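Listed below, chain by chain, are the residues.
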Amino acid sequence: MIRKLCLAALTVIASAPAFAASDDSDSLRRIDIENVVVTGTRNRTDVRHLPLTVSVVARPQIENSMQASLLPLLSEQIPGLFVTQRGIMGYGVSDGAAGGISLRGLSGGNARLMVLIDGHPQYMGLFGHPISDAYQSFIAERVEVLRGPASTLYGSNAMGGVVNIVTRKMYGNGVDTRINAGYGSYNTLRTEAVNRVRHNGFTSVVSLSYNRTDGHRRGMGFEQYGGYAKLGYEIDDNWSLRTDIDVTRFNASNPGAVTNPMAEVRQHVTRGMTSVAVENDYEKSSGGMSFFYNWGNHKLNDGYPLRGGSPKAYLFNSRDRMFGASLYQSLQLFKGNRLTIGFDYYDFGGFSWNRYFRDTRNDQNVLTHKAGDYTDIYQSHEYELAGYLDFRQHIGRLLTFDAGIRYDHHSKAGGEWVPQAGISFHLPAAAEIKLSAAKGFRYPTIKELYMFKPANADLKPESLWSYEFAFSQRLFEGRFSYGVNLFYIDGHNLITTVMVNGIPRNENQNRIENLGVEAELEWHIGSSWSLDANYSYLHMKYPVIAAPEHKLHAGIAYRHRRWMLATGLQYINTLYTSTAPAATENFVLWNMRISFSVSKWLSLWARGDNLLAQRYQINAGYPMPRATAMGGISIGF
């Protein structure tokens, strides 16, 4: 008990990501729009006027995390959000994969949490889940996380919430180039280069990255290449065009759980996305039309157990894609009103096959497959077509009412009506009270419907209702802010795999009943010090893996002249790594970041993770590394 109290006290006085000021002109812009988000309505809106809870992680926090991936930072900064890990870098896919994102007990690994890039859904077209290694920090200007169902705006897969990655751009005329490189424990290398240009109405962003590690266990290497480019043109004060492309390639290996070591586990994955959008922004109307295309190429060898297994003779191959189009327009019909009308079309699918790289024979030594042969597994596609309406009305200065509804049609599973409603009370002393009720839903994925033995083509959509109360306040001219959320989630028809007559089969059997509390605060103490903290408590009547009961992060950052120092502690309690039988983990992680500006164009940085050298697991059978360190340089010109 004494040890836990000491750790809790240390958590309160230490930690947090840095809030270092940037040298470019973007800093002043961030202060002006810190409350403006696009994720809750699809048009720029003051978050205080939304009945939903949206958390924002800004570019300074992303830079000062000194991480190649966005997900570790989100896991620290967003109450109720947790990301599974298995090593120092790289999440992987297939057996033994990590990178599962859960929010309030709903997992993106089961396609219940949607990841967006600039409002466009990003998930594997056949399996329906996000690909966590594709979400790199160098592409993000900020990340907006909508905590709670967002299906009215974004449809299936957003039943638990939305993580929207808003990509980089240049705001003032000129050229800005940043190069960042770091090296650390287990031969880990992180590099990136970003060039931003703006000339009158033309903007461009071009980014490249390369990351690798040997991993803290033999056979856990990871290598990643990434490239991103975006072009934009502001036609006039009201109309603009943009297009972008993002490609990530990673190679990962996996030694298996320590209780069941594996050999020859190899994963070679390429993911890409591109989009084109035209947008308008008038005083009483704004909207846009966009087209996007996501694709992936996966080559996987799931290997074999070292104890009594035999090598596989084939690779699992898949190619998936997702095409989509979105159209929306927001109108001010009369004073204090905002009406948004939108339509979405998503078409997704792909095909999969096994390709043999060695000959195989049966028990009679008869040749069954030659190297180079392939066998088809599945090929198909489905589509969704939806329309939605969102109505928001300010009633005087004290009240905002918001209501929305969506009708979503799936080519196999049928249609769903998806309503939501909420009220925001704007109180004196910059306080806000929000009440909301929202439906979330998820269509079964192609894998669940058709692929492999558990498939069941008669599955129904999953659905839930979420009810939320939120209170927040900003004091001392915005230097101190805090908020508390209470929520209740009741869900039905969750898809699970059960045994039917000795055969595994996907069925709509599970329920979800979650109750939780989330709290967060931020305090800018003078010009040099800042402190932030967040806490979430999650009670699950039906526990799931990778959703901790208690999650606390607290931190403090100091910046003076050329120095920046930030340190943070994260406390995790009752994290299920298995539910049958039940197995949980408790641990405390202490991280630290430091940087020194040698000149206007050069700075040195270092980071340390798990400085308490805790022994812990997040994925069952995958012990995490103990204390690790990395250092590097940043160059800007």
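All values reported here derive from a predicted model rather than from experimental measurement.

Conventions we followed
Residues numbered from 1 in each chain as written. Predicted model: local features only at pLDDT ≥ 70, side-chain atom pairs only at ≥ 80, totals over all residues. Heavy atoms only, no water. Helix = DSSP H or I, 4+ residues; strand = E, 2+ residues; numbered from the N terminus. Rg over C-alpha atoms; globule rule 2.2 N^0.38 Å. Buried < 20%, exposed > 50% of the residue type's maximum accessible area, 1.4 Å probe, protein only. Contact = heavy atoms within 4.5 Å. Areas by Shrake-Rupley, 256 points an atom, 1.4 Å probe, with all protein chains shown as cover. Lys, Arg positive; Asp, Glu negative; His and termini not counted. Charge placed at Lys NZ, Arg CZ, Asp CG, Glu CD. Pairing = 2+ DSSP bridges. Core = buried A, V, L, I, M, F, W, Y, C linked by side-chain atoms within 4.5 Å. Phe/Tyr/Trp six-rings, centres within 6.5 Å; stacked < 30°, edge-to-face > 60°. Lys NZ or Arg CZ within 6 Å of the ring centre and 35° of its normal. 1 Å grid on protein atoms, 1.4 Å probe; cavity = no way out; pocket = protein on both sides within 12 Å on 5 of 7 lines; lining within 4 Å. Points joined across faces, edges and corners; volume = space filled by probe spheres on them. Nonpolar A, V, L, I, M, F, W, Y, C, P; charged D, E, K, R; others polar. Salt bridge = Lys/Arg side-chain N within 4 Å of Asp/Glu carboxyl O. pLDDT = per-residue confidence, 0-100. Patch = residues over 30% accessible without salt bridge, like charges linked within 9 Å, V, L, I, M, F, W, Y side chains within 5 Å.

**Q** Could you clarify how one ought to interpret the overall build of the chain in this entry?
**A** When helices and strands are tallied, the chain shows six helices and 35 strands. On C-alpha atoms alone, the chain measures out to a radius of gyration of 24 Å, which is about the 26 Å that the 2.2 N^0.38 rule sets for 637 residues. Summarising its shape, the C-alpha atoms of the chain cover approximately 80 × 55 × 55 Å along the three principal directions. Split into buried and exposed, the 637 residues of the chain put 54% on the buried side. The contacts of the chain with a sequence gap of at least 6 include a subset with a gap of at least 24, amounting to 63%. For the chain, the exposed area adds up to about 27100 Å²; of that, 59% sits on carbon and sulfur atoms. When the 63 positive and 56 negative side-chain charges of the chain are each reduced to one mean point, those points stand 4 Å apart.

**Q** How should I be thinking about the environment of Ser463 in this particular structure?
**A** Following the sequence through the fold, Ser463 ends up in strand β27 (residues 462-475). Taking the C-alpha atoms as reference, Ser463 lies 7.4 Å from Leu494; in sequence the two are 31 residues apart. With residues up to four places along the chain from it excluded, the contact list for Ser463 reads Met159, Lys439, Gly440, Phe441, Gly491, His492 and Leu494.

**Q** What should I look at first to understand the pairing of strand β35 (residues 628-636) in this one?
**A** Every regular strand shows the same layout, with side chains that alternate between the two sheet faces. Pairing between strand β11 (residues 174-184) and β35: seven bridges, direction antiparallel. Paired with Gly182 across the two strands is Gly632, which belongs to β35. Two elements, strand β34 (residues 602-609) and β35, share eight bridges in a ladder whose sense is antiparallel. Across the sheet, the residue bridging to Ala606 is Gly631, located in β35.

**Q** When you look at the nonpolar core in this model, what are you seeing that I'm missing?
**A** The tendency in soluble globular proteins is for nonpolar side chains to be buried side by side. Counting residues in hydrophobic clusters, the biggest one holds 34 residues, and the most contacted among them are Met114, Tyr154, Val162 and Phe250. Mapped onto this core, the elements with two or more residues apiece are β7 (114-117), α5 (151-154), β15 (239-253), β18 (285-305), β19 (314-331), β20 (337-356) and β23 (374-395). A per-element tally of this core places β19 first, with three residues. For Phe250, the contacting residues outside a window of four places in its chain are Gly92, Val93, Ile131, Asp133, Phe222, Glu223, Gln224, Gln267, His268 and Val269. Counting 29 residues, the second largest nonpolar core, distinct from the first, contains Ile117, Tyr135, Val145 and Val194.

**Q** What is the right way to look at the sheet that holds strand β6 (residues 106-107) in this model?
**A** The strand order across the open sheet formed by three strands is β4-β5-β6, and the pairing between neighbours is antiparallel. For this open sheet the edge positions go to β4 (81-83) and β6, each flanked by a neighbour on one side alone. Judged from the three bridges that link them, β4 and strand β5 (residues 101-103) form a sheet pairing that is antiparallel. Among the inter-strand pairings, Leu81 is bridged to a residue of β5, identified as Leu103.

**Q** Could you clarify how one ought to interpret the environment of Thr628 in this entry?
**A** As for its position among the elements, Thr628 is in strand β35. Remark: the alpha-carbon pair of Thr628 and Arg607, spanning 21 residues in sequence, is separated by 8.5 Å.

**Q** In this structure, what is going on with the sheet that holds strand β3 (residues 53-58)? I would like to understand it.
**A** Hydrogen bonds along the backbone pair up the strands of a sheet, which may run parallel or antiparallel. Spatial strand order, β3-β9-β10-β7-β8: five strands in an open sheet with mixed pairing. Two strands bound the open sheet, and with one partner strand each, they are β3 and β8 (120-121).

**Q** What should I look at first to understand the packing of aromatic side chains in this one?
**A** To describe a pair of aromatic rings, one takes the distance between the centres and the angle between the planes. The final tally for this structure, using the stated rule, is 20 aromatic pairs. Taking the centre distance of 5.1 Å and the plane angle of 20° together, the rings of Phe351 and Trp353 count as stacked. Residue classification places Phe351 among the partly exposed residues on the basis of a relative accessible area of 30%. Exposure remark for Trp353: the relative accessible area of 11% places this residue in the buried category. An aromatic cluster of at least three residues, connected via ring pairs, comprises Phe471, Phe480, Tyr482 and Trp523. It is Arg104 that lies over the ring of Phe487; its NZ or CZ is 4.3 Å from the centre.

**Q** Teacher, can you tell me more about empty space enclosed by the protein here?
**A** With a probe scaled to a water molecule rolled over the atoms, the places where space remains empty come into view. All told, the structure shown has nine cavities of 30 Å³ or more when counted by the stated rule. Taken as a whole, the largest cavity encloses approximately 700 Å³ of empty space. Lining the largest cavity are 47 residues, with Gln67, Pro72, Gln85, Arg607 and Asp609 sitting closest to its centre. Sorting the residues of the lining of the largest cavity by element identifies α4 (71-77), β4, β14 (222-234), β32 (563-579), β33 (582-597), β34 and β35 as the ones contributing at least two each. Examining the composition of the lining of the largest cavity, we find that five residues originate from one element, β33, more than from any other. Looking at side-chain class alone, the lining of the largest cavity contains 21 nonpolar, 19 polar and seven charged residues. The wall of the second largest cavity is formed by 14 residues, among which Gln122, Ala134, Tyr135, Arg271 and Gly272 lie closest to the centre. Mapped onto the lining of the second largest cavity, the elements with two or more residues apiece are β15, β17 (260-281) and β18. With three residues, the top contributor of residues to the lining of the second largest cavity is β17.

**Q** Explain the side chain of Ser595 to me, please; I cannot follow it from the model alone.
**A** Along the chain, Ser595 falls in strand β33. Sequence-distant contacts of Ser595, defined by excluding residues within four places in its chain, comprise Met66, Arg562, Trp563, Met564, Leu604 and Trp605.

**Q** I'm lost on the pattern of salt bridges in this one. Help?
**A** Close approach of charged atoms allows side chains with opposite charge to pair. On inspection of all chains with the given rule, the structure shows 28 salt bridges. Salt-bridge contacts for Arg178 lead to Asp176; the nearest nitrogen and oxygen are separated by 3.1 Å. A residue is classified by how much of its surface remains accessible, and Arg178, at 30% relative accessible area, is partly exposed.

**Q** Would you explain the pairing of β7 in this entry?
**A** The alternating pattern of β7 places Met114 and Leu116 on one face and Val115 and Ile117 on the opposite face, and all of these are buried. With four bridges connecting them, β7 and strand β10 (residues 161-167) associate as parallel partners. The residue of β10 that forms the bridge with Leu116 is Asn164. Pairing between β7 and β8: two bridges, direction antiparallel. Counted as the bridge partner of Ile117 is His120 from β8. The hairpin turn running from β7 into β8, its antiparallel successor, is two residues long, and Asp118 in that turn takes a positive phi close to 50°.

**Q** What's the story with the confidence of the model for the chain in this structure? I'm lost.
**A** Parts of the prediction with low pLDDT should not have their coordinates interpreted in detail. When pLDDT is averaged along the chain, the result is 91; 95% of the residues meet or exceed 70. Taken element by element, the chain is modelled with least confidence in helix α1 (residues 2-13), mean pLDDT 35, and with most confidence in β34, mean pLDDT 97. Throughout residues 1-33 the model reports pLDDT below 50, and contacts reaching past four residues in sequence, or to other chains, amount to 69 contacts.

**Q** Help me out: how do you make sense of a positive patch on the surface in this one?
**A** The grouping of Arg249, Lys299, Arg319 and Arg355 at the surface amounts to a positive patch. Its place among the elements puts Lys299 in strand β18. The partly exposed category is assigned to Lys299, whose relative accessible area is 39%.

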